[in-house]
Structures are given as C-alpha cells and as structure tokens.
Amino acid sequence: MTAQALKIMLVAGEPSGDRLGASLMAALQKRREDVTFVGVGGPSMEAEGLKSSVPIDDLAVMGLVEVIPRIPQLKRHIRNTAARVQQERPDVLVTIDAPGFNFRLAKQLTGTEIPRIHYVAPSVWAWRPGRAKKIAPLFDHLLALLPFEPPYFEAVGLPTTFVGHPAVERAQIGDAEAFRARHDIQEGTRTLVVLPGSRRSETDRLLPVFAETVRQVLALHADLRVIVPTVEHVAATVGQAVKNWPGSPIVVTGDLERRNAFAVADVALAASGTVSVELALAGVPAIIAYDVNRITAAIA
C-alpha cells in the first residue's frame, strides 16, 4: 500500500461475484478513503460506486452448449477488458470467480507488471485437481473461501489466503415476525421459499419446472404460502412468471428480505449455488435443483 491514491480494477462475471465484489469494495473503502474502483460488475458493485464497462448479464452464462452462441461476444469482452486494464493501469487487478472469463482475461495479461489477484479458488479438491497447476502462472495471489484450500495451490507455487465464505458473513438471522406482519402471513402458516436462480439462463429453464412443482404441492397443501426471493436484474422476469402461480406468491428482493424469508421458511426449493450453503446455515430444509441443455447434460 502506497501513500498515493489507490486504484483497483475488479472484474466480476456473475451475480454471486457481484455480491462478493460489493462486500470487498465496502471493506476496502473503510480502510482507504482514497481508493477508487474501475472494472466490470453488477448492481451490487455499482451501488458501491463502480461504473461497469460491461453489462454483467453478457457474462453470466453456465453450461457448455449454452455458451456456444455467446462465444464471439465473450471473446470481444475479454479483449476489450484486457485493453482497459492496460489503459487504466490499476495498482492491482482483482478478478472474482467466473473462471471461464477471468482465467482467459488473466492469460492475456501475462507478462504485464500489474499484480493479479483472483478471488474464489476453483474447487480443485472436488474435481480436476490439475487446474491448480494451470492457473498458478496466471495470478500473483489467490483468495480462498474455504480453510482447507490454500495447500492445494501453495503446493504449485501460488500464494493463497483463506478469507472466509460470504454465506457465513451474511448468515445473520432474519426478522421473521416483521416479515410476517409486512406480508400478512399469519403465525403458524407454513411457507415454501422458491429461489429460481440469479442468471437469466437459470430462471428461463427452472421457472417452468418450479411452477409445476408449486402447483402440485399447493394441490395437496392449499394453505401454503409461497415466497420468491430474487435479485434485481431478473426480478421483472421472475415477477411476471410467478403471477400465474397458485397461492399469490410474494416476490421480494435484496439481501435483508432474503434473510427474513429464510427466517419464516419451513422448506425451500432452490437453484444450485451459494444459496444452498445459505439455506443450510439458516437451518432451512431444502431441495436443490438444476437444469441444463440436454446436450450439455449428456456431455457432463
């Protein structure tokens, strides 16, 4: 850290990374009043003062077949972002998760003097351990979410720091009583929380499946209340889709209302992702689901 103003470039490629980036920005701003941020992010990072150079929806895509039609656009964004790094000359570049995009970006910047940090270690302990050796030359430092991860990367020469899992940081207990009062949910009424994902590709595939599930469940339990926490950039799509669901679902946005919904939940149906850890920490029994293109599923 120098006495000069600090410029940090952050690149997040999906909603979970956007939330991580926003928390990182808030923490850094508490420690350095003179820090400025540039780069790529979503609404949470923009709320902390970042002006994103790329719409995060352009980057938030999962799967194999699903990526194919987006390859030209993604390649263009990688080139343009690499060029912007060179133009901005930040004191440090912090890439956040989204390995498909960020590892390729880092590779294009190999040989530059700008320090490169990656936030969220790939799960090499679960599958494809050879990735640790492949990414070691791309970065100067790695920030890991789980305490047992650093040795996997330090063994191949990549300095790694355990910084904690964001789900634990956000695991405050919500206000069930206030949530019930605000949304007219009587004490003792059973509730189902439905979380159809944070990427448009997820909500497009999962909402029809979840809709049919909700219909079948409410046919057996007519008094069940359905709560649908979502994120801002897919809120309009989700809100429109659930209008036709039985039981007049309650749609809420924001981390606070999400925690409050978990506090009243009897059970959850959720897209696979960080939310599965959040639900576990909140003590909510959950069914975790995912769906992809059939060709992607066959390849996997």
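Preceding this section is the structure that the text describes.
Presented here is a report on the structure given in the accompanying data block.

Definitions and cut-offs
- Residues numbered from 1 in each chain as written.
- Predicted model: local features only at pLDDT ≥ 70, side-chain atom pairs only at ≥ 80, totals over all residues.
- Heavy atoms only, no water.
- Helix = DSSP H or I, 4+ residues; strand = E, 2+ residues; numbered from the N terminus.
- Rg over C-alpha atoms; globule rule 2.2 N^0.38 Å.
- Areas by Shrake-Rupley, 256 points an atom, 1.4 Å probe, with all protein chains shown as cover.
- Lys, Arg positive; Asp, Glu negative; His and termini not counted.
- Charge placed at Lys NZ, Arg CZ, Asp CG, Glu CD.
- Buried < 20%, exposed > 50% of the residue type's maximum accessible area, 1.4 Å probe, protein only.
- Pairing = 2+ DSSP bridges.
- Phe/Tyr/Trp six-rings, centres within 6.5 Å; stacked < 30°, edge-to-face > 60°.
- Lys NZ or Arg CZ within 6 Å of the ring centre and 35° of its normal.

Thoughts on the overall build of the protein chain
Piece 1. Helices and strands together make up the secondary structure of the protein chain, namely 13 helices and eleven strands.
Piece 2. Taking 19 Å as the expected radius of gyration for a compact globule of 300 residues, we find that the protein chain reaches 20 Å, a close match to that expectation.
Piece 3. Each of the three principal axes of the protein chain carries a C-alpha extent, and together these read 60 × 45 × 35 Å.
Piece 4. Summed over its atoms, the accessible surface of the protein chain is roughly 15100 Å², and 55% of this surface lies on carbon and sulfur atoms.
Piece 5. If you average the places of the 32 positive and of the 31 negative side-chain charges in the protein chain, the two averages end up 8 Å apart.

What to know about the pairing of strand β1 (residues 6–12)
Piece 1. Among the seven residues that make up β1, six are buried, leaving the element largely enclosed by the rest of the structure.
Piece 2. Relative to strand β3 (residues 92–96), β1 runs parallel, the two being bridged by five bridges. From the neighbouring strand, Leu10 faces β3, where its bridge partner is Val94.

Quick notes on the packing of aromatic side chains
Piece 1. Counted under the stated rule, the structure contains two aromatic pairs.
Piece 2. Relative to Phe148, the ring of Trp125 has its centre 5.3 Å away and its plane inclined at 85°; by these criteria the two rings are edge-to-face. Linking Trp125 in the loop between β4 (116–119) and α5 (131–135) with Phe148 in the loop between β5 (141–144) and α6 (150–154), this pair joins segments that are 23 residues apart in sequence.
Piece 3. Positioned above the aromatic ring of Trp127 is the side chain of Arg131, whose terminal nitrogen or guanidinium carbon lies 4.4 Å from the ring centre.

A closer look at the pairing of strand β10 (residues 267–271)
Piece 1. Across the five residues of β10, four count as buried, placing the element largely inside the fold.
Piece 2. Sheet analysis places strand β7 (residues 191–195) next to β10, joined by four bridges and oriented parallel. Bridging from a neighbouring strand, Val194 pairs with Leu269 of β10.
Piece 3. Bridging between β10 and strand β11 (residues 286–289) involves four bridges; their strand directions are parallel. Across the sheet, residue Ala268 finds its bridge partner in β11, namely Ala286.

Limitation: the analysis is restricted to geometry and does not speak to function.
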